[in-house]
Amino acid sequence: MSNQADIASTEPTIWLNRSVPGIKQSTVPTLSAVATEPSTECPECHAMTTNTALILNQNVCPECDHHLPMTARKRLEWFLDSVDKELGQEFNAGNPLQFVDSKPYPERMLEAQRKTGESEGLVVMSGKLKNLDIIACAFDFRFMGGSMGSVVGDRFVQAAEKALAERKPLVCFAASGGARMQEGLLSLMQMARTSAAIERLRLAGVPYVVILTNPVYGGVTASLAMLGDVHIAEPRAMIGFAGKRVIEQTVREVLDEPFQRAEFLLEKGTVDMVVHRHQLIDTTHRILAKLTKANAA
Ligand SMILES: [Zn+2]
């Protein structure tokens, strides 16, 4: 009896697995093929997601909704429906201070350029957001921490001037550690230059919207990132001037976890709204459409 039961349970499987000459075998991918597809680990929940699934979800973890970083170029290509042209590529950084830390500045620049495929830390494009003609720029945090040197300043000011001349709204995706120390005072000067360019936009009634992504700090927070008509932040983005550790050492107090998170800053009125990446295009378009209409009236 036990023998018969064994035959009944094992025989069909053996028969099905047997390859039959002339009959095509199933091509369902095996588990090992799926496992070898390049994947990324979510830094929040540690779930592994295939890179394809992550790209399709705009770099948002499908398990916990954590917003992973996006490169400047990918960001703009995703945000804009069509790109007219890229701006500001004629600007190149010099090395006026002959700055050397553990490496000479030009060597660091070359390294960053090789790593990111970008010539500098800010990418600017003109194009369409749905039916609106806009100028959009994005910081690339991989490029020396998205630091603002003279070329980033040049590109931003040029973008703002073009926005002013053509009366197109300006959108900036900020992600930066602050000023670029290798350019010393020239880097700090960009805070004043970019602020002055934004003031000209404000006087002319041309909308400027900032989208704060994780993280935004230092001189960028202290200038162009906090001077928008509207400040949108991505969920849980860290936004501040000095870092948590520096402030804790200064005030000699331990600061709570939500400190400098987008949601906390929304509560305190520093940012106007926290918007999920999946809703960013619609929300920004709605705001700009209202602002341009209001300004045109
Ligand atoms: Zn996750």
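Since this is a predicted model, take the numbers as computed values, not measurements.

### Remarks on the pairing of strand β6 (residues 170-176)
Next, step 1: β6 sits mainly inside the fold: 7 of its 7 residues count as buried.
Next, step 2: Where burial is concerned, the two faces of β6 agree: the one with Leu170, Cys172, Ala174 and Ser176 and the one with Val171, Phe173 and Ala175 are both buried.
Next, step 3: Of the pairings in the sheet, the one linking strand β5 (residues 132-139) to β6 comprises 4 bridges and is parallel in character. From the neighbouring strand, Cys137 faces β6, where its bridge partner is Cys172.
Next, step 4: Where the polypeptide runs from β5 across helix α6 (residues 150-166) and back to β6, its parallel neighbour, the crossover connection is right-handed.

### Describing unusual backbone geometry
Next, step 1: Going from Asn214 to Pro215, the amide bond is cis rather than trans, its omega being -10 degrees.
Next, step 2: Assignment of secondary structure puts Pro215 in strand β7 (residues 208-216).
Next, step 3: Phi is positive for Lys130, which is not a glycine, with a value near 55 degrees.
Next, step 4: We note that Arg167 has phi near 50 degrees; this positive angle belongs to a residue other than glycine.
Next, step 5: Mapped onto the fold, Arg167 is located in the loop between α6 and β6.

### As for the nonpolar core
Next, step 1: Core analysis: the biggest nonpolar cluster contains 55 residues, and Ala136, Cys137, Leu170, Ala174 and Leu212 have the highest contact counts within it.
Next, step 2: What Ala136 contacts, discounting residues up to four positions off in sequence, is Leu76, Phe79, Leu80, Met125, Gly127 and Val171.

### Comments concerning the UniProt feature "binding site: Zn(2+)" (unreviewed entry) in the chain
Next, step 1: In the numbering used here, UniProt assigns the "binding site: Zn(2+)" (unreviewed entry) feature to Cys42, Cys45, Cys61 and Cys64. In sequence the annotated residues extend across 23 residues, while in space they remain close, none of their C-alpha pairs exceeding 8.7 Å.
Next, step 2: Positionally, Cys42 belongs in the loop between β1 (39-41) and β2 (48-50).
Next, step 3: Not counting chain neighbours up to four residues away, the residues in contact with Cys42 comprise Ala47, Thr49, Cys61, Glu63, Cys64 and His66.

Scoring rules and cut-offs
Residues numbered from 1 in each chain as written. Predicted model: local features only at pLDDT ≥ 70, side-chain atom pairs only at ≥ 80, totals over all residues. Buried ≥ 20, exposed ≤ 12 C-beta atoms within 10 Å, placed from the backbone. Helix = DSSP H or I, 4+ residues; strand = E, 2+ residues; numbered from the N terminus. Pairing = 2+ DSSP bridges. Right-handed = clockwise from strand over helix to strand, strands pointing away. Core = buried A, V, L, I, M, F, W, Y, C linked by C-beta atoms within 7 Å. Contact = placed C-beta atoms within 7 Å. UniProt positions renumbered as here; feature names shortened; annotations may be inferred.

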